[in-house]
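# Observations on the three-dimensional arrangement
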Amino acid sequence: NAGLEVEVIKNLDIMLGIQSVEYSGFDFRARWDEYSNVFNFDEMDVDGKESMLAGGLRYRFSEKSFLSAQMSKFDRNDYTEGSTSYSINQIMLLYQMTF
């Protein structure tokens, strides 16, 4: 994990972040019945990588309120046979006020 926040002009910040996880080994997968109860577990081998890259701008109106625009990209690469790799891109506008 790594993150960076830099004030480029008064009250305006650039934010960057990255997170990455790699996994490989043995695990169990829950088996569910029609009532969403776990009734058994299946053995499974896992091998893959997940990563997220994000960036944005934040304008601070005060210590207790800000507006930010952020973009993020999440990637999951699963190398196990029969598994699916995918990617999610997200854009968000967030206003936060703390009382």
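Above this note sits the structure.
The shown structure was predicted, so the numbers you read here are calculated from the model rather than taken from an experiment.

## Considerations on the side chain of Arg58
Secondary-structure assignment places Arg58 in strand S3 (residues 38-62). Judged by its relative accessible area of 14%, Arg58 falls in the buried class. Within polar-contact distance, the side chain of Arg58 engages the side chain of Glu5 at 2.9 Å.

## Structural notes on the sheet that holds strand S2 (residues 12-32)
By definition, the strands of a sheet pair up through backbone hydrogen bonds, in either a parallel or an antiparallel sense. With antiparallel pairing, five strands are arranged side by side in an open sheet as S1-S2-S3-S4-S5. Where the open sheet ends on each side, the last strands, each with one partner, are strand S1 (2-9) and strand S5 (86-97). Geometrically, the sheet is characterised by an average inter-axis angle of 20° between neighbouring strands, direction not taken into account. Relative to S3, S2 runs antiparallel, the two being bridged by 21 bridges. Bridge pairing in S3 links Leu16 to Gly55.

## Quick word on unusual backbone geometry
At Asn11, a position not held by glycine, the phi torsion is positive, near 70°. Even without glycine at this site, Ser36 takes up a positive phi of about 65°. Counting through the fold element by element, Ser36 comes out in the loop between S2 and S3. Overall, Ser36 belongs to the exposed group, its relative accessible area being 52%.

## A word on the packing of aromatic side chains
Taken as a whole and assessed by the stated rule, the structure comprises four aromatic pairs. On the basis of an interplanar angle of 40° and a centroid distance of 6.1 Å, the ring pair of Phe74 and Tyr86 is categorised as tilted. Of this pair, Phe74 sits in strand S4 (residues 65-78) while Tyr86 sits in strand S5; the two residues are 12 residues apart in sequence, bridging distant segments of the chain. Put simply, the rings of Tyr59, Phe61 and Tyr95 pair up and form one aromatic cluster. Cation over ring: Arg58 sits above Phe66, and NZ or CZ is 5.7 Å from the ring centre.

Cut-off values and rules
Residues numbered from 1 in each chain as written. Predicted model: local features only at pLDDT ≥ 70, side-chain atom pairs only at ≥ 80, totals over all residues. Heavy atoms only, no water. Helix = DSSP H or I, 4+ residues; strand = E, 2+ residues; numbered from the N terminus. Buried < 20%, exposed > 50% of the residue type's maximum accessible area, 1.4 Å probe, protein only. Polar contact = N/O pair within 3.5 Å; in protein donor to acceptor, adjacent residues only side chain to side chain. Pairing = 2+ DSSP bridges. Axes fitted to C-alpha atoms, helices over the stretch in contact; angles between N-to-C directions. Phe/Tyr/Trp six-rings, centres within 6.5 Å; stacked < 30°, edge-to-face > 60°. Lys NZ or Arg CZ within 6 Å of the ring centre and 35° of its normal.

Remember, this is a structural readout, not a statement about activity or role.
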